[in-house]
Amino acid sequence: MSTAPQASIDPQGLGRCLAALRPTLLRLAQLQLRNHAWAEDAVSETVLAVLQGAQRFNRTSQLKTWIVGILKHKVLDQLRQHMREPTAPAAADDDENELEHLLFKQDGHFRELPDEWTDPCAELQREQFFSVLEACLEYLPNKQGRVFLMREWLQLDSSAICRELGIAPTNLWVMLHRARLRLRECLQIRWFTPHAR
Amino acid sequence: MKIPNTCRDVTHLLLAREDRALPVYQRLAIRVHILTCRACQRFERQTLMLRGALRVWREHQDHDDPKPPR
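Residues numbered from 1 in each chain as written. Chains lettered and ligands numbered in written order. Predicted model: local features only at pLDDT ≥ 70, side-chain atom pairs only at ≥ 80, totals over all residues. Heavy atoms only, no water.

Peer 1: Where do I start with the overall build of chain B in this structure?
Peer 2: Looking only at helices and strands, one finds three helices and zero strands in chain B. From first element to last, N terminus to C terminus, chain B shows the α and β order α-α-α. For chain B, the proportion of its 70 residues judged to be buried stands at 51%. Here the contacts in chain B between residues at least 6 apart in sequence split such that 52% fall between residues at least 24 apart. Carbon together with sulfur atoms contributes 59% to the accessible area of chain B, which is approximately 4100 Å² in total. (Helix = DSSP H or I, 4+ residues; strand = E, 2+ residues; numbered from the N terminus. Buried < 20%, exposed > 50% of the residue type's maximum accessible area, 1.4 Å probe, protein only. Contact = heavy atoms within 4.5 Å. Areas by Shrake-Rupley, 256 points an atom, 1.4 Å probe, with all protein chains shown as cover.)

Okay, here's the thing in structure tokens:
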């Protein structure tokens, strides 16, 4: 039952690390949940779990990796709790056809040749690209944004997302398709178009 | 089932491929169309680049140490 003192991490160091990480945790939770109160709850629960579980922290894994891993679980708890509420608004149809109209002619061919993109993650401009990417993610409608980040940040597969949210696969696929199309369009305008930067 | 053969159909599949495994006939339809369609070749490269960028973003958020607070 006794724990070797040298196995746990120093509480002061952990406190400093949590304080330094807090803005990141909150930003990620907000991006995924799109609700400030839920995001605050997820982060508070994460901090609590980190402090309670500090002795279980395995030194071979990075501290941030461990903390963000806990955050992901807490964020998913929030999604479960709130997205399954019967008061959650039903999937609203948006201007999906408008987006496709911008891209394709009546006969289904591209109106314009898509641009040749260059790798946005080259070292020098990475931070700038990330902030544009996050702005475009925030720009997605709430439901699309949530399912998209469940895929790309929480890394859940389609069946897990359907199970967690209680939605049908076809419904999910439509939302993900719209989100991807929108994100591509947003990045094209705000990052890849040469005069955008 | 309708054979996907327009750019609209093919981009639909290229995006769907990011989220689920496609049946063989759809994967084949992508390859056949892309062989001769420059626009969809570009769109596919964009899709792959976005996949890679999202992975780099995720790894950065999940693992990289934050900048020390000032």
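Peer 1: I keep staring at the packing of helix α6 (residues 142–152) of chain A against helix α8 (residues 169–192) of chain A and nothing clicks. Help me out?
Peer 2: Each pair of packed helices gets described by two things: the angle between the helix axes and the distance between those axes. Residues and elements named next belong to chain A. The geometry of α6 relative to α8 is characterised by a closest axis approach of 9 Å and an angle of 90° between their N-to-C directions. By the angle class used here, α6 and α8 are roughly perpendicular. Only Leu172, Met175, Leu176, Arg178, Ala179, Arg180, Arg182 and Leu183 of α8 make contact with α6, whose side of the interface consists of Lys143, Gln144, Val147, Phe148, Arg151 and Glu152. Looking at the contact of α6 with α8, its residues break down into seven nonpolar, one polar and six charged. (Axes fitted to C-alpha atoms, helices over the stretch in contact; angles between N-to-C directions. Parallel < 35°, antiparallel > 145°, perpendicular 65-115°, else oblique. Nonpolar A, V, L, I, M, F, W, Y, C, P; charged D, E, K, R; others polar.)

Peer 1: Just checking my understanding: could you explain the interface of chain A and chain B for this structure?
Peer 2: The extent of an interface is frequently quoted as the accessible surface area lost upon association of the parts. The interface of chain A with chain B comprises 51 residues on the first partner and 32 residues on the second. Roughly 3900 Å² of surface becomes buried between chain A and chain B when both sides are summed, with 61% attributable to carbon and sulfur atoms. At the junction of chain A with chain B, the criterion picks out 24 residue pairs in polar contact (both at pLDDT 80 or more). Taken together, the elements giving at least two residues each to the side of chain A that touches chain B come down to α1 (11–33), α3 (63–83), α5 (126–139), α6 and α8 of chain A. Looking at the side of chain A that touches chain B, the element that brings in the most residues is α8(A), giving nine residues. Looking at side-chain class alone, the side of chain A that touches chain B contains 24 nonpolar, 11 polar and 16 charged residues. (Buried area = accessible area lost by both parts, 1.4 Å probe. Polar contact = N/O pair within 3.5 Å; in protein donor to acceptor, adjacent residues only side chain to side chain.)

Peer 1: What should I look at first to understand the confidence of the model for chain A in this one?
Peer 2: Keep in mind that low pLDDT regions are not for reading the predicted coordinates in detail. Residue and element names in this part refer to chain A. The share of residues in chain A with pLDDT of 70 or more is 87%, and the mean pLDDT across the chain is 87. Confidence, expressed as mean pLDDT per element, reaches its minimum in chain A at helix α4 (residues 96–103) with 80 and its maximum at α6 with 96. Note on residues 1–6: pLDDT under 50 across the span, and two contacts to partners over four residues away in sequence or across chains. (pLDDT = per-residue confidence, 0-100.)

Peer 1: I tried to follow the side chain of B:Arg42 on my own but got confused; where do I start?
Peer 2: Topologically, B:Arg42 is positioned in helix α3 (residues 38–63). Apart from residues lying up to four places away in sequence, B:Arg42 is in contact with A:Leu113, A:Pro114, A:Asp115 and A:Glu116.

Peer 1: Explanation requested: the nonpolar core in the structure shown.
Peer 2: Generally speaking, a soluble globular protein has its nonpolar side chains buried in company with each other. Core analysis: the biggest nonpolar cluster contains 63 residues, and A:Ile67, A:Leu137, A:Trp153, A:Leu187 and B:Trp57 have the highest contact counts within it. If you list the elements that add at least two residues to this core, you get α1, α2 (36–53), α3, α5, α6, α7 (158–165) and α8 of chain A together with α3 of chain B. With sequence-adjacent residues up to four places away left out, A:Ile67 is seen in contact with A:Cys17, A:Leu18, A:Leu21, A:Leu25, A:Thr46 and A:Val50. A:Phe110, A:Leu181, B:Leu13 and B:Ala16 belong to the second largest nonpolar core, which has 18 residues in total. (Core = buried A, V, L, I, M, F, W, Y, C linked by side-chain atoms within 4.5 Å.)

Peer 1: Got a minute to help me understand empty space enclosed by the protein in this structure?
Peer 2: One simple way to see leftover space: roll a probe sized like a water molecule over the atoms. Within this structure, the stated rule accounts for one cavity of 30 Å³ or more. As a volume, the largest cavity reaches approximately 90 Å³. Every residue lining the largest cavity is listed: A:Glu152, A:Arg180, A:Arg184, B:Leu15, B:Glu18, B:Phe43, B:Gln46, B:Thr47, B:Leu50, B:Arg51 and B:Leu54. Elements with a contribution of two residues or more to the lining of the largest cavity: α8 of chain A together with α3 of chain B. If one sorts the elements of the lining of the largest cavity by residue count, α3(B) sits on top with six residues. By residue class, the composition of the lining of the largest cavity is four nonpolar, two polar and five charged. (1 Å grid on protein atoms, 1.4 Å probe; cavity = no way out; pocket = protein on both sides within 12 Å on 5 of 7 lines; lining within 4 Å. Points joined across faces, edges and corners; volume = space filled by probe spheres on them.)

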